[in-house]
Amino acid sequence: MKMLSIALKDIWRSFRSFFALAFMFGVPILMTLIFSFLFGGIGSEDGFEIPTTDVVIVNLDEGSPYVSNFDHEGGVVNSMGEMLINTLEEDTFKDLMKISTGTESEARLAVDEQDAGLAMIIPANFTNALIGQSSSDAEIEFYKDPALTLGPDIVKSLVMGIVDGFSSTTLSIDTVLSVLSDQGISLTQQEQMALVDSLTSESENQMQDRGVGLEVIPPSTTESSGDDPIKAILRSIMGGMMIFYAFYTGTATAQTILQEEENGTLARLFTSPTDMVTILNGKFLAGFLLIIVQVVVLLAFANLAFGVSWGPVLPLGLFSIALVILANSFGIFIMSLVKSTKQAGIMYGAVLTFTGMLGISSVFVMGSPIEKAFNFIPLLVPQGWAMEALEASWQGNLGRTLLMSAGMVGWAVVFFFIGNLRFRKRFG
Amino acid sequence: MLNNAIKVQNLDKKFDEIHAVDDVSFEIKKGEIFSLLGPNGAGKTTTIGMISGLRTPDAGEVWLMGYSVQSEPKKAKAELGVVPQEIALYDDISARANLNFWGKMYGLRGEPLNTRVYEVLKLIGLEDRQKGTVSKFSGGMQRRLNVGIALLHQPKVIIMDEPTVGIDPQSRRQILDSVKHLRDQGVTILYTTHYMEEAQELSDRIAIMDHGKIIAMGTHDELIDIVGELDRITLTISGESSDVLPVWQKLEGVQQITSEDGTLHLLVKDSNQVLPGVFEAAAGVGVRINSVDIQEPNLEAVFLHLTGRALRD
Ligand SMILES: Nc1ncnc2c1ncn2[C@@H]1O[C@H](COP(=O)(O)OP(=O)(O)OP(=O)(O)O)[C@@H](O)[C@H]1O
Ligand SMILES: [Mg+2]
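Residues numbered from 1 in each chain as written. Chains lettered and ligands numbered in written order. Predicted model: local features only at pLDDT ≥ 70, side-chain atom pairs only at ≥ 80, totals over all residues. Heavy atoms only, no water.

**Quick word on the overall build of chain A**
Helix and strand counts for chain A come out as 16 helices and six strands. In chain A, which comprises 428 residues, the proportion classed as buried is 48%. The contacts in chain A between residues at least 6 apart in sequence include a share of 76% that link residues at least 24 apart. Just so you have it, chain A exposes about 19700 Å², and 62% of that area is on carbon and sulfur atoms. (Helix = DSSP H or I, 4+ residues; strand = E, 2+ residues; numbered from the N terminus. Buried < 20%, exposed > 50% of the residue type's maximum accessible area, 1.4 Å probe, protein only. Contact = heavy atoms within 4.5 Å. Areas by Shrake-Rupley, 256 points an atom, 1.4 Å probe, with all protein chains shown as cover.)

In structure tokens, the structure reads:
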């Protein structure tokens, strides 16, 4: 009964602490959002969608005698301006912008009336300027709705990137032509045209490579196909964060033993008719209950808010129990190794963060070539076993979940044995 | 029928070279207020730590209400309330939540717990602030709560370790009054302090402690008798004290002179008779007297007499 009172007191204190709550719930959720965004949230349906921008393009480009009628993607274009439009109309960018063409006044009106987010006016000398045949610089004019920022700005920087690609091509045309003329060779207009043609299509290939970089690359997770890749990413990251911060909660709760030792409340407890063992068990129970709450809340939140599916209940339950036991005993273990809360700070940085990141590293290398090579490293730390167990559980692999969970409990038994023994010796 | 609430026998505790408690023995009768008076580092807290079962003595034994703290710790501790010297509270929760929790640690539950929490809040004057978070309390309020926790389970014996250190006069008054209130209810109190006024005001008996040893013990009057009915004159001078000391020593009625960083203490039979001679002699050797303070005999004087040092640093 006293043991429960001690545990409830600790839980109450945690729930009143902004930091405790932030690290239990806020930070893992926030980190999941941030990492998901970095890993490829663009264009997802789950909240971090970049708006599709309506773009009206006005093509005033008059072309150039050098680049008339050459092939581009099976079609025939007459100017670089047209080529730019074709590029932007590719499937790659369809989530980012909806393109229409029109006259300059129509385009400006569309933006003014907020029918479009951005008007883009390609100047008459665009082609000539790009291939170095115009006396003045060509500038694409962007006219945007001041109320919108993100969408039009992204389109703008994308266009600049593409035009950069074009102009590096034209730079090489210039170079080639001047080198040739230095050597006394002059090309006919026909020959120059062929050169421009081949160089621009080369640039077009490079463009293609760039375009791929903006695509959402679905991670090659091992779960059954047909899953929404974004949700799979969210699940991996959320799972990793949950494990990382469950260990954090275990450690922070065990740290309250040191805190109570330093602020005298532990000594005061020892002057009450309460056994040392009861006091310690109460503190351990607090960590156990807190991690249960944390894990349940994070699992449920990810499911309700992100639509993450955690797989069948039985393996998930097994994993969760093993995680709670392991994270709690890990905390008890590492806090039993330090003398003061000052030293505990180092434990957080060195041990908790390091082992945690290692353990959930599979989340960050997934889909990359080093994933395979990296396979065994997380298993050097307990968090890695938890990550494996979680992955097995959402794949519905009960056998493997059992195996990994048993491994987790094995770690936990060792941690608890040493931690408990050290604390008892310390206060005995 | 047992009439000792606390019995301490030949307690001894060393920390490396420091002999913190050196063969200390005393008995406190039921219903008595007993003060341990001593300067910083005298060994008061260490003694109390061994009485309350927090520290294991190197030698000796302690009984609380007849239960040996060493062999029956749970029974002994249940009889005891402890007010630690350092404030020991959960400062991130409310005063009421603290009282509730500590009450449970002493076995109180349900309605009796509620009643006691209410009574204690009233006694320490924190009814209005019971829902306030402790970290927002003033030092004095925290001290009062620190005391209140020890009273929850209505122990028969209460140990208070310097419960009034560094607080405002109002909170101090409140704590001293609650001690008297407890005495009126027949509670036995072991009180440590380095304020002799507190020891004098509260105690039935006083033990003076220094360097781990009890150097004197008795009622206030018994202790005063150690120095006799001597007055104490405290002087500060400009000039060499070595010039004036030999002359003063020869004066009629001067019993003892001690000197401490430019401050001189004279123990004299009757200060009114001695003072003119003191001034005259000082003028004779060219020493100027800057301040004079006269005190009737008190515990401070007793401590000075026994140790040659002032009680307060
Ligand atoms: N845990 C400890 N380790 C080493 N030395 C200690 C320890 N606790 C106390 N001491 C030493 O023992 C001596 C007695 O300390 P104690 O705290 O009992 O004195 P005190 O009379 O309570 O002093 P104060 O009025 O300052 O509270 C001191 O010299 C102190 O430095
Ligand atoms: Mg002390």
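**Quick notes on the overall build of chain B**
Helix and strand counts for chain B stand at 11 helices and 14 strands. Out of the 313 residues in chain B, the part that is buried amounts to 53%. Within chain B, contacts between residues separated by at least 24 positions form 69% of all contacts whose residues are at least 6 apart in sequence.

**Some words on the site of ligand 1**
All names here are of chain B. Residues in close proximity to ligand 1 total 14 residues, the closest being K44, T45, T46, Q85 and E162. In the environment of ligand 1, an oxygen atom lies 2.8 Å from a nitrogen or oxygen atom belonging to the side chain of N40. K44 places a side-chain nitrogen or oxygen 2.8 Å from an oxygen atom of ligand 1. Contact with the protein chains removes 66% of the 630 Å² of surface that ligand 1 exposes when unbound. Going through the elements one at a time, β2 (18–29) and α1 (44–51) are the ones with two or more residues in the shell around ligand 1. Looking at the shell around ligand 1 element by element, the count peaks at three residues for α1. Of the residues assigned to the shell around ligand 1, the class counts are five nonpolar, six polar and three charged. (Near = heavy atom within 4 Å. Polar contact = N/O pair within 3.5 Å; in protein donor to acceptor, adjacent residues only side chain to side chain. Nonpolar A, V, L, I, M, F, W, Y, C, P; charged D, E, K, R; others polar.)

**Observations regarding the pattern of salt bridges**
Working definition: two side chains of opposite charge can pair if their charged atoms are close together. Here the structure, examined in full by the defined rule, presents 24 salt bridges over all chains. Residue R13 of chain A is joined to D92 of chain B by a salt bridge in which the shortest nitrogen-to-oxygen separation is 2.8 Å. Separated into two different chains, R13 of chain A in helix α1 (residues 2–15) and D92 of chain B in the loop between β6 (80–83) and α3 (95–105) make up a pair that spans both. The buried category is assigned to R13 of chain A, whose relative accessible area is 11%. If you follow the salt bridges from partner to partner, you end up with K9, D10, E260 and K283 of chain A in one network. (Salt bridge = Lys/Arg side-chain N within 4 Å of Asp/Glu carboxyl O.)

**Things to note about unusual backbone geometry**
Residues and elements named next belong to chain B. Although it is not a glycine, D16 adopts a positive phi angle of roughly 50 degrees. One can find D16 in the loop between β1 (4–15) and β2. Although it is not a glycine, D23 sits at a positive phi angle of roughly 55 degrees. Positionally, D23 belongs in strand β2.

**Notes on the environment of G282 of chain A**
Residues and elements named next belong to chain A. Looking at the element boundaries, G282 is found in helix α10 (residues 276–306). The spacing of G282 and S5 is 277 residues in sequence and 7.5 Å in space, taken between C-alpha atoms. Excluding residues that lie within four positions of it along the chain, G282 makes contacts with M3, I6 and A7.

**Focus: the sheet that holds strand β13 (residues 263–268) of chain B**
Adjacent strands of a sheet pair through backbone hydrogen bonds, lying either parallel or antiparallel. Residue and element names in this part refer to chain B. The four strands are arranged β12-β13-β11-β14 in an open sheet whose pairing can be described as antiparallel. Only two strands of the sheet have a single neighbouring strand rather than two, namely β12 (254–260) and β14 (288–295). Averaged over all pairs of adjacent strands, the angle between strand axes in this sheet comes to 20 degrees, irrespective of strand direction. For strand β11 (residues 231–238) and β14, the ladder comprises seven bridges, and the chain directions are antiparallel. (Pairing = 2+ DSSP bridges. Axes fitted to C-alpha atoms, helices over the stretch in contact; angles between N-to-C directions.)

**Quick word on the sheet that holds β1 of chain B**
Residues and elements named next belong to chain B. Strand order in this open sheet of four strands is β2-β1-β4-β5, and the pairing throughout is antiparallel. Strands with a single pairing partner mark the edges of an open sheet, and in this sheet they are β2 and β5 (67–68). Relative to β5, strand β4 (residues 59–64) runs antiparallel, the two being bridged by two bridges. Residue pairing across strands places L64 opposite Y67, the latter belonging to β5. Against the sheet, α1 makes contact with β1, β2 and β4, and its axis sits at roughly 120 degrees relative to β1, the strand it touches most.

**Side note on the layout of surface pockets**
What the largest pocket holds in volume is close to 1100 Å³. Taken together, 36 residues make up the lining of the largest pocket; nearest its centre are A267 and F270 of chain A together with G53, L54 and R55 of chain B. Contributions of two or more residues to the lining of the largest pocket are made by α8 (229–262), α9 (265–271) and α16 (398–427) of chain A together with α1 and α2 (73–78) of chain B. Broken down by element, the lining of the largest pocket gets its largest block of residues, five residues, from α9 of chain A. Its residues assigned to classes, the lining of the largest pocket shows 13 nonpolar, 13 polar and 10 charged. (1 Å grid on protein atoms, 1.4 Å probe; cavity = no way out; pocket = protein on both sides within 12 Å on 5 of 7 lines; lining within 4 Å. Points joined across faces, edges and corners; volume = space filled by probe spheres on them.)

**Brief notes about the confidence of the model for chain A**
Regions with low pLDDT carry predicted coordinates that are not meant to be interpreted in detail. Per-residue pLDDT for chain A averages 80, and the proportion of residues at 70 or more is 76%. Counting contacts from residues 41–48 of chain A, a segment whose pLDDT is below 50, to residues more than four positions away or on other chains yields 16 contacts. (pLDDT = per-residue confidence, 0-100.)

**A closer look at the interface of chain B and chain A**
Each partner contributes to the interface: chain B provides 26 residues, whereas chain A provides 21 residues. In this assembly, chain B and chain A are joined by two salt bridges. Put simply, K74 of chain B and D275 of chain A hold a salt bridge, and the shortest N to O gap is 3.5 Å. At the junction of chain B and chain A, the tally comes to 12 residue pairs in polar contact (both at pLDDT 80 or more). Among the elements of the structure, α2, β6, α3 and α5 (139–151) of chain B are those that each provide at least two residues to the side of chain B that touches chain A. Top element by residues in the side of chain B that touches chain A is α3 of chain B. It accounts for five residues.

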